[in-house]
Protein chains: 2
Amino acid sequence: MERIIIDMDEVMADTMGAMMAWYISSYGIQPDYSRMKGSWMLGIPEEHKETVRKHLYSEGFFRHLPVMEGCVEVMEALNKKYEVFIVSAATEFPNSLRDKLEWLEEHFPFLTWRQLVLCGDKRMIAGDFMIDDHVRNLVHFKGKPYLYSTLLNKDETGYDRIRNWQEVADIFL
Amino acid sequence: MERIIIDMDEVMADTMGAMMAWYISSYGIQPDYSRMKGSWMLGIPEEHKETVRKHLYSEGFFRHLPVMEGCVEVMEALNKKYEVFIVSAATEFPNSLRDKLEWLEEHFPFLTWRQLVLCGDKRMIAGDFMIDDHVRNLVHFKGKPYLYSTLLNKDETGYDRIRNWQEVADIFL
């Protein structure tokens, strides 16, 4: 069975969408999306960054993220055909660890704790395929990498892209 | 730089020692060490297992484990010579996740969150060397495996063994 490594934030979970919704409702202004190259923090005014960062580190933030459209159904099918591991860069956020496990168990009851990996760096992760929105995670991967498109990585080149879960299904199922 | 993958429980942390000390002080009797082949739960009477399991799953249990003798000093030297990742099978225990991160940060301040991996299964972990007390983790590893000796794995054969952190130093430094 081939092994597929799937990222959580921005691929399975709409982390940035949740953060921006919270930001807009907290400050009553729009972030500057045009400046968010590489990091969405670049679109937030300097004086708001500490509060935003606090929210990101708070207990519960990663527990209540929306699931990307089509992700559950496609993941369930992938899980029958592949050895699936969900690998999330999470150890930077101590409160996210349990939140991410519970989020996965709630929305993806067909996956188990055996399939979740919470790490910082992903360079020691091996598999046949990797879907991730960060080039820094894909660059070390020995299998076939796919860049999951987000606003933040739109200028990256050199990787085959996946734009949504329908495309995951088209490629892998 | 060669990559070394190091297990946490029973290798860096004396998890079983802490559990047995708690058991003995709670029940006033010794566990049956002679029956603990593969799992220390086999040395606990049936009627105590649920309480013991609850203690294992409780918040704080993995936060306050003793560090194995010599581990800090040798780890600090390893960390200068190798790419070190601490890989712990932890997602079975939701409360252990943050506890393990904080434990690592307290006792090993020279390591960072980038070097910690909290997972269930370890089959997707790649590196040059792995030190682990479970054959089930070593068996999939493509690099050189070392079995860290514990009471529970004493009958296992087929792996080079490491018995303590002095031996880690002798082999790797």
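Visitor: Hey, could you run me through the pairing of strand β5 (residues 144–148) of chain B in this one?
Guide: Looking along a regular strand, one sees the side chains alternate between the two faces of the sheet. All names here are of chain B. Of all five residues in β5, four are buried; the element is thus mostly enclosed. The pairing of strand β4 (residues 129–132) with β5 spans four bridges and is parallel. Following the sheet pairing, Met-130 is matched in β5 by Pro-145. The sheet contact formed by β5 and strand β6 (residues 160–162) spans three bridges and is parallel. Paired with Tyr-148 across the bridge in β6 is Ile-162.

Visitor: Would you mind going over the nonpolar core with me for this structure?
Guide: Note that soluble globular proteins tend to have their nonpolar side chains buried in a common cluster. Trp165(A), Met75(B) and Trp165(B) are the most contacted members of the largest nonpolar core, which totals 97 residues. Apart from the residues within four sequence positions on either side, Trp165(A) is in contact with Ile6(A), Val11(A), Met12(A), Met68(A), Glu69(A), Gly70(A), Cys71(A), Val74(A), Met75(A), Leu78(A) and Tyr148(A). In this structure, Met130(A), Phe141(A), Cys119(B) and Phe141(B) belong to the second largest nonpolar core, which totals 22 residues.

Visitor: Just to check I follow, could you spell out the relation of the copies chain A and chain B for this structure?
Guide: Mapping one chain copy onto the other needs a rotation about an axis and a shift along that axis. Between the two copies, chain A and chain B, the superposition gives an RMSD of 0.0 Å; the rotation angle is 180 degrees and the shift along the axis is 0.0 Å. What we have between these two chains is a two-fold relation. With an isologous cut-off of 70% or more, the 100% of interface residues of chain A that recur at the interface of chain B puts this contact in the isologous class.

Visitor: Looking at this structure, I do not really get the packing of aromatic side chains. What am I missing?
Guide: Each pair of aromatic rings is reported with the distance of its centres and the angle of its planes. Residue and element names in this part refer to chain A. If you walk through the whole model with that rule in mind, you get 20 aromatic pairs over all chains. Between Phe-62 and Phe-93, the ring centres sit 5.7 Å apart and the planes meet at 45 degrees, which makes this aromatic pair tilted. Taken together, the positions of Phe-62 in the loop between α2 (49–57) and α3 (71–81) and Phe-93 in the loop between β2 (83–89) and α4 (96–107) put the pair 31 residues apart, joining distant regions of the chain. Relative accessible area serves as the criterion here: at 4%, Phe-62 is assigned to the buried category. An angle of 85 degrees between the planes, with centres 5.8 Å apart, marks the rings of Tyr-82 and Phe-172 as edge-to-face. Taken together, the residues Tyr-82 in the loop between α3 and β2 and Phe-172 in helix α6 (residues 165–172) connect sequence positions 90 residues apart. Across this residue pair, the class does not change: Tyr-82 and Phe-172 are buried. Each member of the aromatic cluster is reached from another via a ring pair, and the members are Tyr-57, Phe-61, Phe-62 and Phe-93. A cation sits over an aromatic face here: Lys-144 above Tyr-146, 5.0 Å from the ring centre.

Visitor: Can you help me understand the packing of helix α3 (residues 71–81) of chain B against helix α6 (residues 165–172) of chain B in this one?
Guide: Residues and elements named next belong to chain B. In contact at an axis separation of 9 Å, α3 and α6 are set at 20 degrees when each is read in the N-to-C sense. One way to sum up the angle between α3 and α6 is to call them roughly parallel. Our pair here, α3 against α6, has a crossing hand that is left-handed. Residues Cys-71, Val-74, Met-75, Leu-78 and Lys-81 of α3 form the contact with α6, whose participating residues are Trp-165, Val-168, Ala-169 and Phe-172. Of the residues assigned to the contact of α3 with α6, the class counts are eight nonpolar, no polar and one charged.

Basis of the calculations
- Residues numbered from 1 in each chain as written.
- Chains lettered and ligands numbered in written order.
- Predicted model: local features only at pLDDT ≥ 70, side-chain atom pairs only at ≥ 80, totals over all residues.
- Heavy atoms only, no water.
- Buried < 20%, exposed > 50% of the residue type's maximum accessible area, 1.4 Å probe, protein only.
- Helix = DSSP H or I, 4+ residues; strand = E, 2+ residues; numbered from the N terminus.
- Pairing = 2+ DSSP bridges.
- Core = buried A, V, L, I, M, F, W, Y, C linked by side-chain atoms within 4.5 Å.
- Contact = heavy atoms within 4.5 Å.
- Least-squares fit on C-alpha atoms with pLDDT ≥ 70 in both.
- Phe/Tyr/Trp six-rings, centres within 6.5 Å; stacked < 30°, edge-to-face > 60°.
- Lys NZ or Arg CZ within 6 Å of the ring centre and 35° of its normal.
- Axes fitted to C-alpha atoms, helices over the stretch in contact; angles between N-to-C directions.
- Parallel < 35°, antiparallel > 145°, perpendicular 65-115°, else oblique.
- Left-handed = near helix turned anticlockwise from the far one by under 90°.
- Nonpolar A, V, L, I, M, F, W, Y, C, P; charged D, E, K, R; others polar.

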